[in-house]
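# Fold and geometry: a report
Residue-level listing of the chains:
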Amino acid sequence: MSSASESPDKATANNPLKHPNSRIAVLTSHFTATMSSEKDAALAAAAAPPPADSPTIFDKIINKEIPAKVVYEDDKVLAFRDIAPQAPTHILLIPKIKDGLTGLSQAEERHCEILGQLLYAAKLVAKQEGLEDGFRVVINDGPDGCQSVYHLHLHLLGGRQMNWPPG
Ligand code: AMP
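Residues numbered from 1 in each chain as written. Predicted model: local features only at pLDDT ≥ 70, side-chain atom pairs only at ≥ 80, totals over all residues. Heavy atoms only, no water.

## Some remarks on the site of the ligand
In plain terms, the rule: Residues are counted as near a molecule or strand when any one of their heavy atoms sits within 4 Å of it. In the analysis that follows, any N or O atom pair within 3.5 Å is treated as a polar contact, provided that within protein one partner can donate a hydrogen and the other can accept it, and provided that, for residues neighboring in sequence, both atoms belong to side chains. Lining residues are those with an atom within 4 Å of a point, where the points come from a 1 Å grid over the protein atoms alone and group into cavities, where a 1.4 Å probe fits but cannot get out, or pockets, open sets with protein on both sides within 12 Å along at least five of seven lines. Each molecule is checked against the cavity or pocket grid, and it sits inside if more than half of its atoms lie within 2 Å of the grid points. Secondary structure elements follow DSSP: runs of H or I no shorter than four residues count as helices, runs of E no shorter than two count as strands, and numbering proceeds from the N terminus. In this count, Pro and Cys sit with the nonpolar residues alongside Ala, Val, Leu, Ile, Met, Phe, Trp and Tyr, while Asp, Glu, Lys and Arg are called charged and the others, Gly among them, polar.
Taken together, 16 residues sit near the ligand, with D82, N140, S148, H153 and H155 positioned nearest. Here an oxygen atom of the ligand and a side-chain polar atom of D82 are 2.5 Å apart. V149 is positioned with one of its backbone polar atoms (N or O) 2.9 Å from an oxygen atom of the ligand. More than half of the atoms belonging to the ligand lie within 2 Å of the grid points that define the largest pocket. For the shell around the ligand, the secondary structure elements donating two or more residues are α3 (57-62) and β2 (77-81). When residues of the shell around the ligand are assigned to their parent elements, the largest contribution, 3 residues, is made by α3. Here the shell around the ligand is built from residues that sort into 9 nonpolar, 5 polar and 2 charged.

## Observations concerning the side chain of H155
The following threshold applies: Burial here depends on accessible area, computed with a 1.4 Å probe over protein chains only, as a share of the maximum for the residue type. Under 20% is buried, over 50% is exposed, and the range in between is partly exposed. Whether two residues touch is decided by their heavy atoms; if any such pair falls within 4.5 Å, the residues are in contact.
Topologically, H155 is positioned in strand β5 (residues 154-158). What makes H155 buried here is its relative accessible area of 12%. At a separation of 2.8 Å, a polar atom in the side chain of H155 contacts the side chain of H90. Of the polar contacts made by the side chain of H155, one reaches the side chain of N140; its length is 3.5 Å. Look past the residues within four positions of H155 in its chain and what remains in contact with it is D82, H90, I91, L92, R136, V137, V138 and N140.

## Examining the UniProt feature "active site" (unreviewed entry) in the protein chain
This is how the line gets drawn: UniProt positions are given in the numbering used here, feature names are shortened, and annotations may be inferred rather than shown by experiment.
Per the UniProt record, "active site" (unreviewed entry) is annotated on H153. With respect to the helices, strands and loops of the structure, H153 is situated in the loop between β4 (136-138) and β5. For H153, a relative accessible area of 7% translates into the label buried. A polar atom in the side chain of H153 sits 2.7 Å from the backbone oxygen of H151.

Set out below in C-alpha cells:
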C-alpha cells in the first residue's frame, strides 16, 4: 500500500495508473489524449463560430462530395458511421436540411417535426444494427457540450456497456 512518506519512484512503481509499462497507464494516456483532442476540436470550433447557414463537413456528406458509410436514409434524415467511433457502433444522424439547426440550442418550434424524426430514425437504426440490449443517444451542444460540427446531429452509440455519469 502506498503512503504519504513513500518516495515518488516507489509510489509510481506501485501505482498501476502511473507505472509507465502498465497496460492501464497506456490505456489511460490514450483515453486522455482522445478526450483532450475532442475537447480541443470543440473549443477551436467555438472560438470562431460559423454563421448558421455556412456549410460544414456534413453538407459535403449530404451532397456526396466526400464519402461516408451511410447506414440509413429517408427524405429528411441521413445516418452514417462516425469517422472516429467511440463504441463498436457509432452512428451520426443528421437532418438533410439544416434550416438554422446548427445545434439543439438553436431549435425553434418549427423544428419539432424534424427533431422527432431524428429520434425515431435513431430507434430504427438501433434496431437495424442489432442493438437489442440497449444503446445511447447523445447530442453535444456548444463548447461546454464539446460540439465540434455545427450541423445538428445525434450520436447513436452501442455495442458495449456504457458508463454513467458521462465524462
Ligand atoms: P460533435 O463533437 O458532437 O460535434 O461530433 C462531431 C462528430 O463528427 C465527431 O464524432 C467526429 O468524429 C464526426 N465526424 C467528423 N467528420 C466526419 C466525417 N467526415 N465522417 C464521419 N464522421 C465525422
